[in-house]
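Coordinates in review
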Amino acid sequence: MNNYKPTIALVTGASRGAGKGIALGLGDHGMTVYVTGRSTSSTDSPFGGTVAETAALITKAGGKGIPVICDHEKPDEIQRLMEQIDREQGRLDILHNNVTHIHDELITPLPFYRRSVDLVKILDVGLKSAYYACYYAAPLFLRQKKGLIAFSSSFGSACYMHGPAYGAQKAGVDKLAADMAVDFENEGVCCVSIWMGPLRTERFAKAIQERPEQYAQFAEIVETPQFTGDILRAIANDPNNMRLSGKTLIGAEIALEYGLKDRTGRQPPSYRDSLGEPRIAHPARVY
């Protein structure tokens, strides 16, 4: 697609946290950003935030924020979301799958069998929901023969982090990116999973309060979520981004390639040596 310029994005799970920051990062560059979530009131979560508030901040920053209430545990609502974007915009340039279920016991230092079984919901809202979003967004990408599909992931895909449910979800979205890249390889659609470092979010602030011995050491080096938004925009604008398709990328490392720093002016560290490295896909294909 000659002179292709990405202008329409969707960030799922953007009422607060990583999704909110990523959406704001894209909106800062003047993009139209659809933001989804279930929160209609700031009291819906102890961390506050709604999709309407995020959308308003995007518009204030110079982009166009469009809030959509969507329960990503319900495939029919995800399908209607994609139909709305198609109807209103006729295109989608960036789909960032961020929505996930974060249980209050996620960072409790206990084995999985001594925590709530409800932690398994991260596989419904975080893994299955991402599959559905990509499935129902595929017709838009295929029609324009261009686009970026990305997933929020972390080093928990490689090392033990927050228990097996969290790790399985992160490893799962890495594999979605790898295998969807195979299916999209002749369609101009780049699929990547991005390992973010510790993020400066509302939940991180609470974690520092509750477990300072574990998290205070990261306080000066955490990434802003907007950093990942900047990375997504750089990948989407890269005419040679198909070289990245199928890969799990460490955000801090790909940012160096694109000459990006965090909004704080710092260059976030990689953590590759201390927390692990992305899986390398085997070239075999079995149909």
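Heads up: the structure comes first, above all this text.
Okay, so let's go over this structure. (Residues numbered from 1 in each chain as written. Predicted model: local features only at pLDDT ≥ 70, side-chain atom pairs only at ≥ 80, totals over all residues. Heavy atoms only, no water.)

With that settled, the discussion passes to the packing of aromatic side chains. Enumeration according to the criterion identifies 5 aromatic pairs in this entry. Taking 5.4 Å as the distance between ring centres and 80 degrees as the angle between the ring planes, the aromatic pair formed by Phe112 and Tyr113 counts as edge-to-face. The class of Phe112 is exposed, set by a relative accessible area of 53%. Overall, Tyr113 belongs to the exposed group, its relative accessible area being 59%. Site record: aromatic cluster; members linked through ring pairs are Tyr132, Tyr135 and Tyr136. (Phe/Tyr/Trp six-rings, centres within 6.5 Å; stacked < 30°, edge-to-face > 60°. Buried < 20%, exposed > 50% of the residue type's maximum accessible area, 1.4 Å probe, protein only.)

With that settled, consider the nonpolar core. In terms of nonpolar packing, the biggest core is built from 33 residues, with Leu26, Val33, Val35, Leu148, Val192, Ile231 and Ile235 touching the most fellow members. If sequence neighbours within four positions are ignored, Val192 has contacts with Leu148, Ile149, Ala150, Phe151, Ala177, Ile235, Leu244, Ser245, Lys247 and Leu249. Within the second largest apolar cluster, 29 residues are counted, among which are Ile85, Leu92, Ala130 and Leu140. (Core = buried A, V, L, I, M, F, W, Y, C linked by side-chain atoms within 4.5 Å. Contact = heavy atoms within 4.5 Å.)

Among the 8 residues that make up strand S5 (residues 147–154), 8 are buried, leaving the element largely enclosed by the rest of the structure. The pairing of strand S4 (residues 94–97) with S5 spans 4 bridges and is classified as parallel. The residue of S5 that forms the bridge with Asn97 is Phe151. Handedness of the crossover joining S4 and S5 through helix H4 (residues 124–144): right-handed. Pairing between S5 and strand S6 (residues 189–196): 8 bridges, direction parallel. Opposite Ser152, over in S6, you have Ile194 as the bridge partner. (Helix = DSSP H or I, 4+ residues; strand = E, 2+ residues; numbered from the N terminus. Pairing = 2+ DSSP bridges. Right-handed = clockwise from strand over helix to strand, strands pointing away.)

So, on to the packing of helix H8 (residues 225–237) against helix H9 (residues 251–258). Look at H8 against H9: their axes get within 10 Å of each other, and the N-to-C directions meet at 50 degrees. Judged by the angle between their axes, H8 and H9 are oblique. Crossing handedness for the pair H8 and H9: left-handed. Along the contact surface, H8 presents Phe227, Ile231, Ala234 and Ile235, while H9 presents Gly251, Ala252, Ile254, Ala255 and Tyr258. Split into classes, the residues belonging to the contact of H8 with H9 amount to 8 nonpolar, 1 polar and no charged. (Axes fitted to C-alpha atoms, helices over the stretch in contact; angles between N-to-C directions. Parallel < 35°, antiparallel > 145°, perpendicular 65-115°, else oblique. Left-handed = near helix turned anticlockwise from the far one by under 90°. Nonpolar A, V, L, I, M, F, W, Y, C, P; charged D, E, K, R; others polar.)

Using the criterion set out here, one finds 14 salt bridges in the structure. The residue Asp86 makes a salt bridge to Arg143 at a minimum N-O spacing of 2.6 Å. With Asp86 in helix H3 (residues 75–89) and Arg143 in helix H4, this pair connects stretches of sequence that are 57 residues apart. Relative accessible area serves as the criterion here: at 28%, Asp86 is assigned to the partly exposed category. For Arg143, a relative accessible area of 48% gives the class partly exposed. Ionic contacts of the salt-bridge type, sharing partners, join the residues Asp28, Asp230 and Arg263 into one network. (Salt bridge = Lys/Arg side-chain N within 4 Å of Asp/Glu carboxyl O.)

On to the environment of Asp238. Position of Asp238 among the secondary structure elements: in the loop between H8 and strand S7 (248–250). Classification of Asp238 by relative accessible area gives buried; the value is 11%. Residues Asp238 and Lys5 lie 233 residues apart in sequence; the distance between their C-alpha atoms is 9.6 Å. Every residue in contact with Asp238, bar those within four places of it in the chain, is listed here: Arg243 and Tyr258.

Read across the sheet, 7 strands follow the order S3-S2-S1-S4-S5-S6-S7 without closing on themselves; strand pairing throughout is parallel. Looking along the sheet, the strands with just one partner apiece sit at the ends: strand S3 (64–69) and S7. Across the sheet, the axes of successive neighbouring strands diverge by a mean angle of 20 degrees, strand direction being ignored. Here H3 sits on the sheet and contacts strand S1 (8–11), strand S2 (32–37), S3 and S4; the angle it forms with S2, its principal contact strand, is near 160 degrees.

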